[in-house]
Amino acid sequence: MATLHHEGRLRALEEVEKEIAMILQCAGNIVLELSKDKHNASLLDRQLLQFQSSVNRVESELSAQIRYLTQVATGQPHEGSTYSARKDCQMALNRAEYAKVKLGELGRTCEVMLEQQQS
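Here is a short report on the structure shown in this document. (Residues numbered from 1 in each chain as written. Predicted model: local features only at pLDDT ≥ 70, side-chain atom pairs only at ≥ 80, totals over all residues. Heavy atoms only, no water.)

**Some points on the overall build of the protein chain**
A count of helices and strands for the protein chain gives three helices and zero strands. The linear arrangement of helices and strands in the protein chain, starting from the amino end, is α-α-α. Classification of the 119 residues of the protein chain by burial places 22% in the buried group. Long-range contacts, defined as pairs at least 24 residues apart, comprise 76% of the intrachain contacts of the protein chain with a sequence gap of at least 6. Put simply, the protein chain shows about 8400 Å² of open surface, and 56% of that area lies on carbon and sulfur atoms. (Helix = DSSP H or I, 4+ residues; strand = E, 2+ residues; numbered from the N terminus. Buried < 20%, exposed > 50% of the residue type's maximum accessible area, 1.4 Å probe, protein only. Contact = heavy atoms within 4.5 Å. Areas by Shrake-Rupley, 256 points an atom, 1.4 Å probe, with all protein chains shown as cover.)

**Brief notes about the side chain of Glu 33**
Mapped onto the elements, Glu 33 comes out in helix α1 (residues 2-34). On the basis of relative accessible area, Glu 33 is assigned to the buried category, the value being 6%. Once residues within four sequence positions are removed from consideration, Glu 33 is found in contact with Lys 38, His 39, Asn 40, Leu 43 and Leu 44.

**Concerning the side chain of Glu 19**
If you trace the backbone, Glu 19 turns up in helix α1. Apart from residues lying up to four places away in sequence, Glu 19 is in contact with Ser 54, Arg 57 and Val 58.

**Focus: the pattern of salt bridges**
Across all of its chains, the model carries five salt bridges by this definition. One salt bridge connects Lys 102 with Glu 105, and the closest N-O pair in it is separated by 3.3 Å. Pair noted here: Lys 102 and Glu 105 are both in helix α3 (residues 83-118), with a separation of three residues, about one helical turn. Among the residues examined, Lys 102 registers a relative accessible area of 37% and is labelled partly exposed. Glu 105 sits in the partly exposed class, given a relative accessible area of 35%. (Salt bridge = Lys/Arg side-chain N within 4 Å of Asp/Glu carboxyl O.)

These values are about where atoms sit, not about what they do.
Okay, structure coming up:
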């Protein structure tokens, strides 16, 4: 039973990885379209909506994973030293937070570029 639970969590993280790839692809498409002399506003809007939707899904799933890891790390009975596990968890949380911040910055950059093009 626990194996199924872990496999489900791993599948969810694989989906997050795919969403991040989609985010990068959308960002690349947006930058490419903005670099053209005449850009397609409807394409930019669709790509921006896809970008924002993917960022929201990644943020939601990463937050759920972080909450789960926090509960597991603090709710387990003592079975010897947990320093290594806690350190690994903290590093994973730090990486997830960093990814969240960077994706937010990328989103804001794309929005600014769109606003500049529309002005």
